[in-house]
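Chain and residue survey
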Protein chains: 2
Amino acid sequence: MSGKILIVDELATNRIVLKVKLSSAYYDVLQAKTGADALRIIAAECPDLILASAKLTDFEGPTFIKAVRKLETTAKTPVVLILPSVKAEDRIAALSAGADDVLCNPLDETFLLARLRSLLRQGNIDKDLRIHAGTAHALGFAEVQGHFQRNGRVALVSRKQNKAMALFSALSASGQHAFVALNAESAVGLAEGTDVPDVFILGIDSEDVDDGLRLLAELKAARRTRNCPIIAILEPSSRSLAATVLDMGANDVMCGVEDLKELLLRLSNQMHHKHMADQMRDQLQLGLNAAVIDPLTGVHNRRYALPFLKRLIDTLDHETETFAVMVADLDHFKNINDTYGHAAGDQVLKGVASQLRASLREDDMLARIGGEEFLIVTPNSTRAQARQTASRLCRIIQRTPISVPGRMDPIGITISIGVTMAVPGAGCLAPTVESLLDQADRALYGSKAHGRNTVTVCALSAA
Amino acid sequence: MSGKILIVDELATNRIVLKVKLSSAYYDVLQAKTGADALRIIAAECPDLILASAKLTDFEGPTFIKAVRKLETTAKTPVVLILPSVKAEDRIAALSAGADDVLCNPLDETFLLARLRSLLRQGNIDKDLRIHAGTAHALGFAEVQGHFQRNGRVALVSRKQNKAMALFSALSASGQHAFVALNAESAVGLAEGTDVPDVFILGIDSEDVDDGLRLLAELKAARRTRNCPIIAILEPSSRSLAATVLDMGANDVMCGVEDLKELLLRLSNQMHHKHMADQMRDQLQLGLNAAVIDPLTGVHNRRYALPFLKRLIDTLDHETETFAVMVADLDHFKNINDTYGHAAGDQVLKGVASQLRASLREDDMLARIGGEEFLIVTPNSTRAQARQTASRLCRIIQRTPISVPGRMDPIGITISIGVTMAVPGAGCLAPTVESLLDQADRALYGSKAHGRNTVTVCALSAA
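Keep in mind the model is a prediction, meaning the values are calculated, not measured. (Residues numbered from 1 in each chain as written. Chains lettered and ligands numbered in written order. Predicted model: local features only at pLDDT ≥ 70, side-chain atom pairs only at ≥ 80, totals over all residues. Heavy atoms only, no water.)

1. Description of the pattern of salt bridges
Residue and element names in this part refer to chain B. What counts here: One side-chain nitrogen of Lys or Arg within 4 Å of one carboxyl oxygen of Asp or Glu is enough to make a salt bridge. Here a helix means four or more residues in a row that DSSP labels H or I, a strand means two or more in a row labelled E, and each is numbered from the N terminus. The buried label applies to any residue whose accessible area, calculated with a 1.4 Å probe on protein chains only, is under 20% of its type's maximum; exposed applies above 50%, and partly exposed to all values in between.
Counted under the stated rule, the structure contains 49 salt bridges over all chains. Residue Arg 91 is joined to Glu 258 by a salt bridge in which the shortest nitrogen-to-oxygen separation is 3.3 Å. Residue Arg 91 is found in helix α4 (residues 88–97), and its partner Glu 258 is found in the loop between β10 (252–255) and α10 (260–290); the two are separated by 167 residues along the sequence. Judged by relative accessible area, which is 61%, Glu 258 ranks as exposed.

2. Some remarks on the packing of aromatic side chains
All names here are of chain B. The condition that has to hold: Side-chain rings of Phe, Tyr and Trp (the six-membered ring for Trp) are treated as a pair once their centres are within 6.5 Å; stacked means planes under 30 degrees apart, edge-to-face means over 60, and tilted covers the remaining angles.
This model, assessed by the stated rule, comprises 4 aromatic pairs over all chains. Measuring from ring centre to ring centre gives 6.0 Å for Phe 59 and Phe 64, while their planes differ by 65 degrees; the resulting arrangement is edge-to-face. Per residue, the accessibility class of Phe 59 equals that of Phe 64, and both read buried.

3. Concerning helix α4 (residues 88–97) of chain A
Among all positions of α4 of chain A, only Ala 88, Arg 91, Ile 92, Ala 94, Leu 95 and Ala 97 of chain A are buried. Note on α4 of chain A: the residue one or two positions beyond its end, Gly 98 of chain A, has a positive phi of about 115 degrees.

4. Let's talk about the pairing of strand β6 (residues 153–157) of chain B
All names here are of chain B. Threshold: Pairing between two strands is assigned when DSSP locates at least 2 bridges connecting them. If the strands point away from the viewer and the path from the first strand over the helix to the second runs clockwise, then the crossover is right-handed.
A large share of β6 lies buried, amounting to 4 of its 5 residues. Across 5 bridges, β6 lies against strand β7 (residues 178–182) in parallel orientation. Within β7, the position partnered with Arg 153 by the bridge is Ala 178. Each parallel crossover has a hand, and the one from β6 via helix α6 (residues 161–172) to β7 is right-handed.

5. Focus: the domain arrangement of chain A
The condition that has to hold: What fixes the domain bounds is an automatic or database domain assignment.
When its domains are assigned, chain A resolves into domain 1 (1–107), domain 2 (142–290) and domain 3 (300–457). On a C-alpha basis, the centres of domain 2 of chain A and domain 3 of chain A stand 50 Å from each other.

6. So, helix α2 (residues 35–45) of chain A
In an α-helix, one full turn covers 3.6 residues, which means residues spaced three or four apart are oriented alike. All names here are of chain A. The cut-off we apply is this: Think of it as the arc spanned by the lines of direction from the helix axis to the C-beta atoms. In what follows, a contact means two residues having at least one pair of non-hydrogen atoms within 4.5 Å.
Of all the positions in α2, only Gly 35, Ala 38, Leu 39 and Ile 42 are classed as buried. Taken around the axis of α2, the buried residues stretch over an arc of 100 degrees, which confines them to a single face. Exposed side of α2, more than 90 degrees from the buried face: Arg 40 and Ala 44 are the residues found there. Elements that come into contact with the buried residues of α2 comprise β1 (4–8), β2 (28–32), β3 (49–53) and α3 (61–70). Backbone geometry just after α2 places Cys 46 at a positive phi near 45 degrees.

7. What about the side chain of Glu 235 of chain A?
All names here are of chain A. Following the sequence through the fold, Glu 235 ends up in the loop between β9 (230–234) and α9 (242–247). With relative accessibility at 14%, the residue Glu 235 sits in the buried group. Each residue touching Glu 235, except ones within four places of it in the same chain, is listed here: Lys 160, Lys 163, Ile 204, Asp 205, Ser 206, Cys 255 and Gly 256.

8. With respect to the nonpolar core
What tends to happen in soluble globular proteins is that the nonpolar side chains get buried as a cluster. Applicable threshold: Note on terminology: a nonpolar core comprises buried Ala, Val, Leu, Ile, Met, Phe, Trp, Tyr and Cys residues joined through side-chain atoms within 4.5 Å.
Val 245 of chain A together with Val 245 of chain B are the most contacted members of the largest nonpolar core, which has 100 residues in total. Leu 309 of chain A together with Tyr 304, Phe 323 and Val 327 of chain B belong to the second-largest nonpolar core, a separate cluster that totals 48 residues.

9. Considering the environment of Arg 214 of chain A
Summarising the element assignment, Arg 214 of chain A is placed in helix α8 (residues 209–221). Sequence separation between Arg 214 of chain A and Met 248 of chain A is 34 residues; the distance between their C-alpha atoms is 9.8 Å. The residues contacting Arg 214 of chain A, other than those within four sequence positions of it, are Ser 24, Ala 25, Leu 113 and Arg 117 of chain B.

10. Side note on the sheet that holds β7 of chain B
Residues and elements named next belong to chain B. Just so we agree on the cut-off: Only the stretch in contact is used when a helix axis is fitted, and all axes are lines through C-alpha atoms; the angle between N-to-C directions ranges over 0 to 180 degrees.
Spatially, the 5 strands line up as an open sheet ordered β7-β6-β8-β9-β10, and their pairing is parallel. Pairing within the sheet leaves two strands with one partner each, and these edge strands are β7 and β10. Across the sheet, the mean angle from the axis of one strand to that of its neighbour is 20 degrees, orientation sign disregarded. Here 4 bridges tie strand β9 (residues 230–234) to β10, and the two strands are oriented parallel to one another. Bridge pairing links Ala 232 to Val 253 in β10. Where α10 meets the sheet, its contacts fall on β6, β7, β8 (199–204), β9 and β10, and the angle it forms with β10 comes to roughly 170 degrees.

11. A few points about the packing of helix α13 (residues 342–359) of chain A against helix α14 (residues 383–399) of chain A
Residue and element names in this part refer to chain A. The test is simple: Should an angle lie under 35 degrees it is considered roughly parallel, over 145 roughly antiparallel, and from 65 to 115 roughly perpendicular; all remaining angles are considered oblique. The crossing is said to be left-handed when, going from far helix to near helix, the turn is anticlockwise and less than a right angle, and right-handed when the turn is clockwise. Residue type decides the class: Asp, Glu, Lys and Arg count as charged, Ala, Val, Leu, Ile, Met, Phe, Trp, Tyr, Cys and Pro as nonpolar, and the leftover types, Gly among them, as polar.
Direction vectors running N to C along α13 and α14 enclose 135 degrees, while the axes themselves pass 10 Å from each other. Taken together, the axes of α13 and α14 are oblique relative to one another. Pair α13 / α14 crosses with right-handed handedness. Contact residues: Val 352, Gln 355, Leu 356 and Ser 359 in α13; Arg 392, Leu 393, Ile 396 and Ile 397 in α14. Grouping the amino acids of the contact of α13 with α14 by side-chain chemistry returns 5 nonpolar, 2 polar and 1 charged.

12. Some points on the sheet that holds strand β16 (residues 455–457) of chain A
All names here are of chain A. If you trace the 6 strands from one edge of the open sheet to the other, you get β11-β13-β14-β12-β15-β16, paired in mixed fashion. One side of each edge strand has no neighbouring strand; the edge strands of this open sheet are β11 (300–301) and β16. Bridge analysis of strand β13 (residues 365–368) against strand β14 (residues 373–378) gives 4 bridges, and the strand direction is antiparallel. The residue bridging Arg 368 from the neighbouring strand is Phe 374, located in β14.

13. Regarding the packing of helix α12 (residues 333–340) of chain B against helix α13 (residues 342–359) of chain B
Working note: a packed helix pair is described by the angle between its axes plus the distance between those axes. Residues and elements named next belong to chain B. Following both chains from N to C, one finds α12 and α13 inclined at 140 degrees, their axes separated by 6 Å at the closest point. Comparing their axes, α13 and α12 come out oblique. Residues Phe 333, Ile 336, Asn 337 and Tyr 340 of α12 pack against His 342, Ala 344, Gly 345, Val 348 and Leu 349 of α13. The class makeup of the residues in the contact of α12 with α13 is 6 nonpolar, 3 polar and no charged.

Spelled out as structure tokens, the structure:
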């Protein structure tokens, strides 16, 4: 099935007519006679979309939508309300209550089906995003907040400059959002570094339809604008074009702007949608980052570090290319935990990690690979450079005592470092993750044995 | 800019004509006269798409494409070859070499621009997926493999049954892929549990264009088919429709099937694309999972466990609702490491984790929160049930010694468990993550003090 749609209408004839239309478009159809019936079915069946008459025996249309929005399972399910009249004030009431769209009887079948496809397509994209964002939420990142209205940036794009300017002035006077008027070139060709609008309002003139559709396709294809919702505004005479515009990827469509309030409500809907999707995309990235970051110190973790080292070894091929592998261990760290407590110990680990990170080059890799043990990999280093870097790190840590909460004096700490060099080699001479870590570990023992706060470079490694 | 396109053509006039067309569609245009020039520019500038004449002074078209595919940065960049003739064999040679599409001179500007938009749109989706999959790769998951040809499932959908069946027989005889012929209803209304095809071939009849376009929009909107590439086959007389079909989301389009080989090559292209995208989506999920899983034992990690506990506390609201928090610690684990080595110790941790997981209910949460310490949270448990569960876990671990490589006899191990109950409470009586972990820890110390291999339930917790 391509989607499960719930029809809510008190008249059996209306339900039957709609059911025939939707079934012939391969949808699974559920039916409810009253709002109360509908809420029961929604809770049990989780439809993908709700198509409800605005005249129910037990609910006014807007009240019904608010009740649906309160159910946790369908808080984000698209709801389309079917109005008996074409009155702008009814449309506005329904949109204010949270309807995703309003249609008027008699229904235009082609447009109805295009509108349902468009809402279901959007719903499916959101569902995927929510599943991923869910993992991020499981990690304790803040849940996506969808409850408050936010202003955003809106671009008006149109060929007809006089019409566009009138709309631009009216919208700007609304006090909501920041509006900017763009011509086609500056909309699609947004320069790098320019703020990308959150939502596009795209005027399509009846005299220049092909041009308008091309611009729509371009906005949906271009890297920087493809995630921006588009509201297409057609002329009242171009109603037959509305279905095509939705199927080409517009998120909403209006034939003429009878009442500016309606456009502002549709704009708020899209703005809300855009902010939710942006937040979910951010959470996805946070979730992915969490897999490779040590939560205490914010540097990479062991899980990231070992494959990184493996990849670096795999790309070693020129004789002249060498890199250094260092293991740095805090000296007498157990004493700090025992003397000042675990919280202070954690603070010291964070402080050392941040000192090390600040003292390394951007290409150098720093990871916490054990309780008080850090791995440092410095690509394109000679043995002399590596020794110099390691000695510098020891000096910096020694010179920078770390403040901890609840103690006047910062705590002094030192580190010992073991260094080994990775050089190209064939067969049993080729370095491996294990051999490099083992050599660096032995060198580290050397530093510990020689009184700590010092650097030992492994004699085994060539170059 | 909406994309950076490299034009490769030895004739300045051709380059200028193309540059004007592309610039007016807001693309950034780069130019190269020869294949060698082009390869230099590609390496330096990483264009989003390459549009090359098949007649270069220094390269044959197919050879040029192979050279582009060898560059790491552009191995996946779309390449469109412009042929001087309409000969099927030239198209087939270019597609075999890895061209994403071939166009014939003179170029139809509307179609050219729609084709570029379609390839760039697809390229942008892939780029996003690759960035995410890249994090998974950084974690050491196998890199997406795109080098071998794979067969897959292909669905042919068409209204014209006789034509479709002829094509179906011919394709089936190719020995590649598994083909199935579907009518519109079974294509869009694919029942749950049915195998979804990898690629759709959609026949659009000139007599029934609206119906064909609607089916295309439905396949692109429906949850189960929206990630499947679609190759639209128009009748030779419907060439003007090709641009629309691409803008509506078709991934490739042919006007008539002159040579079956060409369709099979285009099919392989899309199949390849689909497999890459599927692998990248899988890696994205793996990357996200990695953030919440302890890599040694495969159970949840501390990062997942603490927010989980927090959420469970937040939803505690009925008097009758209680859950148990247990901390389980391996007894004398240090001895195992010291006696048998770290590898054996790791094996024991894995064995214990897997025994615990197998002995808990699906809703129970198990996480490794320290070296040899596990956290168990059992929702909807009474104190008596929790004590019973914990005692059962102790018995199971004691009775199941763990085999380790290099030792004949499996190693016996026991665990000690501390249990506390979370019950609803207000103000300072409300449980917190810290208070519950602290109580469970104290109970654990009780078990350790009472000879280990035993369970202590915290006396503080109510219920």
